[in-house]
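Structure at a glance
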Amino acid sequence: MGLASEKPDLTRQSDVDLVRLCLGGDKSAFAELVRRHGSLLRTHIRRMGAQGSDADDMAQEAFMSAYEHLSEFRFDGAFVGWLKRIASRRYLKKVRANQKYLLTDDMSAFEPEPAANEGEFRAHNLDAALNRLKPVERLCVTLNFSGDLSHQEIADELKLPLGTVKSHIKRAMDQLKTILNAKPAPVLETGT
């Protein structure tokens, strides 16, 4: 006589169903949400400017905060969007509180190592392109597109004028288009 498992296969459940299960006391449902969205959340935080283990720590903190405030999820949007907003706001608190996360236009501390031939750089992905932006531009464009915050919400969070936020996003988008549309340098074949 086999025992049928009464627990649903969590990998087949929607995020909304997992949140409901978690609110009903099923901790494994939240573990599935973490497994499902952990990588995406760490990527989002890195794109805002956090480095390596800091991004991992911030993602973990965001998940803990989401778990503690899960009853505040309104089911009126995607769970991952709500999670990204939590992570974004936590990151912004760190930006304001910790001098190693500076909102600055000075790129000298963030300049990539020069390549032997500057023309050799070609962004092959969004992350490489984002890393070539000024930190404040990268933060604004990431909060807008990945974090789903409006220009006004970004201005409020960063304590910047709305026009400045719009300018940062416009400049960042123009630079990203240029970087991502750059044609690769021709490969020179050497005859033997």
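This structure is a prediction, so every number in the text was calculated from the model and none was measured.

Rules behind the numbers
- Residues numbered from 1 in each chain as written.
- Predicted model: local features only at pLDDT ≥ 70, side-chain atom pairs only at ≥ 80, totals over all residues.
- Heavy atoms only, no water.
- Helix = DSSP H or I, 4+ residues; strand = E, 2+ residues; numbered from the N terminus.
- Buried < 20%, exposed > 50% of the residue type's maximum accessible area, 1.4 Å probe, protein only.
- Areas by Shrake-Rupley, 256 points an atom, 1.4 Å probe, with all protein chains shown as cover.
- Phe/Tyr/Trp six-rings, centres within 6.5 Å; stacked < 30°, edge-to-face > 60°.
- Salt bridge = Lys/Arg side-chain N within 4 Å of Asp/Glu carboxyl O.
- Core = buried A, V, L, I, M, F, W, Y, C linked by side-chain atoms within 4.5 Å.

With respect to the overall build of the protein
- Each helix and strand counted, the protein has eight helices and zero strands in total.
- Taken from N to C terminus, the helices and strands of the protein fall in the order α-α-α-α-α-α-α-α.
- Residue burial in the protein is summarised as follows: out of 192 residues, 36% are buried.
- Summed over all atoms, the accessible surface of the protein reaches about 11,800 Å², with 52% contributed by carbon and sulfur.

With respect to the packing of aromatic side chains
- Evaluated as defined, the whole model comprises six aromatic pairs.
- Where Phe73 meets Phe79, the ring centres are 5.7 Å apart and the plane angle is 80°; that geometry is what we call edge-to-face. Considered together, Phe73 and Phe79 belong to a single accessibility category, that of buried residues.
- Ring geometry for Phe79 versus Trp82: centroids 5.8 Å apart, planes at 45°, classification tilted. A residue pair is termed a helical-turn pair when its members lie 3 or 4 positions apart in one helix, as Phe79 and Trp82 do in helix H4 (residues 79-97) at three residues.

Here we look at the pattern of salt bridges
- A complete count under the given rule lists 14 salt bridges for this structure.
- Close ionic contact of Asp9 with Arg12 constitutes a salt bridge, the shortest N to O distance being 3.1 Å.
- Since its relative accessible area comes to 71%, Arg12 is described here as exposed.
- One salt bridge connects Arg35 with Glu32, and the closest N-O pair in it is separated by 2.5 Å. Here the residue Arg35 and the residue Glu32 both occupy positions in helix H2 (residues 27-48), the gap between them amounting to three residues, near one helical turn.
- A relative accessible area of 53% means that Arg35 is categorised as exposed.

Let's talk about the nonpolar core
- Core analysis: the biggest nonpolar cluster contains 37 residues, and Phe30, Leu41, Ile45, Phe79, Tyr91 and Ile154 have the highest contact counts within it.
- Counting only elements with at least two residues in this core, the list comes to helix H1 (15-23), H2, helix H3 (52-68), H4, helix H6 (135-145), helix H7 (151-158) and helix H8 (162-181).
- It is H4 that contributes the most residues to this core, eight residues altogether.

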